[in-house]
Amino acid sequence: MNEMIASLISSQSVLGVFVLFAIFFYIGLFTLGGGLVGITLMQQVLVTRLHLISEDMFYSMVAISESTPGPIGINMATYLGTELYGVAGGLITTIGQVSPSIITIILVARFFSKVQDKPLVKAAFSGLRPATSGIVAVAAANVFRLALLRPERFMMTKSVLDFFDFQSIFFYVIGLIILFKAKIHPIFMVVLGAAFGILFL
């Protein structure tokens, strides 16, 4: 089934467009807790299940989407759609990603004030908070692993020193110190990170 879906999307047919829209509608529908949750779902669907893009390319897209203005989940959807289908694909995936939120907000605005004090609703939100925190933590851990660790090299050499990307870890620590001690705007850290990657990685 996964191979058939991937083949439909790769064919860039009309049906492939609808499949792509449906995938991002699904991702948008279950993105509860912010854009990083959407990134986890995108990674599971597009990289792990469908193999439409490589993991390395996916997390490069995450870095770019995080560095650009706007919500990261929508940036990722637009980026991925453009990568797969051009500008039209970016539009399709963006609409698919935001449609569930728009529908949900309209429904919530209409009915939430009437049910917000119900015990069942309060219980549901109590369960959602830790669940979404865990999903966000998974996304953050995946980005951390790809940016700072080198498990593939470790598997080849079996040397613990090869498990860590010391250049990236060094810049990560320096970046944190600069960000929190100097209180500079995060955009300058983004620029510094890009310059560091060009010069040293």
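An account of the accompanying structure is given in this report. (Residues numbered from 1 in each chain as written. Predicted model: local features only at pLDDT ≥ 70, side-chain atom pairs only at ≥ 80, totals over all residues. Heavy atoms only, no water.)

Along the chain, Ser 101 turns up in helix H5 (residues 72-115). A sequence separation of 73 residues divides Ser 101 from Gly 28, and the C-alpha atoms of the two residues are 6.8 Å apart. (Helix = DSSP H or I, 4+ residues; strand = E, 2+ residues; numbered from the N terminus.)

What follows deals with the packing of aromatic side chains. The tally for this structure, following the rule as stated, stands at seven aromatic pairs. Between the aromatic rings of Tyr 26 and Phe 30, the centroid separation amounts to 5.2 Å while the plane-to-plane angle is 55°, which identifies the pairing as tilted. On the accessibility criterion, Tyr 26 (34% relative accessible area) is partly exposed. Judged by relative accessible area, which is 46%, Phe 30 ranks as partly exposed. In this structure an aromatic cluster arises from ring pairing among Phe 154, Phe 163, Phe 164 and Phe 166. (Phe/Tyr/Trp six-rings, centres within 6.5 Å; stacked < 30°, edge-to-face > 60°. Buried < 20%, exposed > 50% of the residue type's maximum accessible area, 1.4 Å probe, protein only.)

Taking 1.5 Å per residue, 17 residues should reach 24 Å; helix H8 (residues 166-182) reaches 23 Å between its end C-alpha atoms and fits that length. Positive backbone phi, approximately 55°, marks Lys 183, located one or two places after H8. (Expected span 1.5 Å × (residues − 1).)

Our focus in this paragraph is a nonpolar patch on the surface. On the surface, a cluster of nonpolar side chains totalling about 750 Å² of accessible area is made up of Phe 144, Phe 170, Tyr 172, Val 173, Ile 174, Leu 176, Ile 177 and Phe 180. Per element, the largest residue contribution to the nonpolar patch is seven residues, and it comes from H8. Tracing the chain through its elements places Phe 180 in helix H8. When its relative accessible area of 54% is taken as the criterion, Phe 180 is described as exposed. (Patch = residues over 30% accessible without salt bridge, like charges linked within 9 Å, V, L, I, M, F, W, Y side chains within 5 Å. Areas by Shrake-Rupley, 256 points an atom, 1.4 Å probe, with all protein chains shown as cover. Salt bridge = Lys/Arg side-chain N within 4 Å of Asp/Glu carboxyl O.)

The next thing to look at is helix H6 (residues 119-148). The first and last C-alpha atoms of H6 sit 44 Å apart over 30 residues, in line with the 44 Å expected at 1.5 Å per residue. Among the residues of H6, Val 121, Thr 132, Ala 139, Asn 142 and Leu 148 are the ones counted as buried.

For the rest of this paragraph, the subject is unusual backbone geometry. Within the chain, His 51 stands out as a residue other than glycine whose phi angle is a positive 55°. Relative to the assigned elements, His 51 resides in the loop between helix H3 (35-49) and helix H4 (55-67). Of note in the backbone geometry, Lys 158 takes a positive phi value of approximately 60° without being a glycine. Of note, Lys 158 is situated in the loop between helix H7 (151-157) and H8. On the accessibility criterion, Lys 158 (55% relative accessible area) is exposed.

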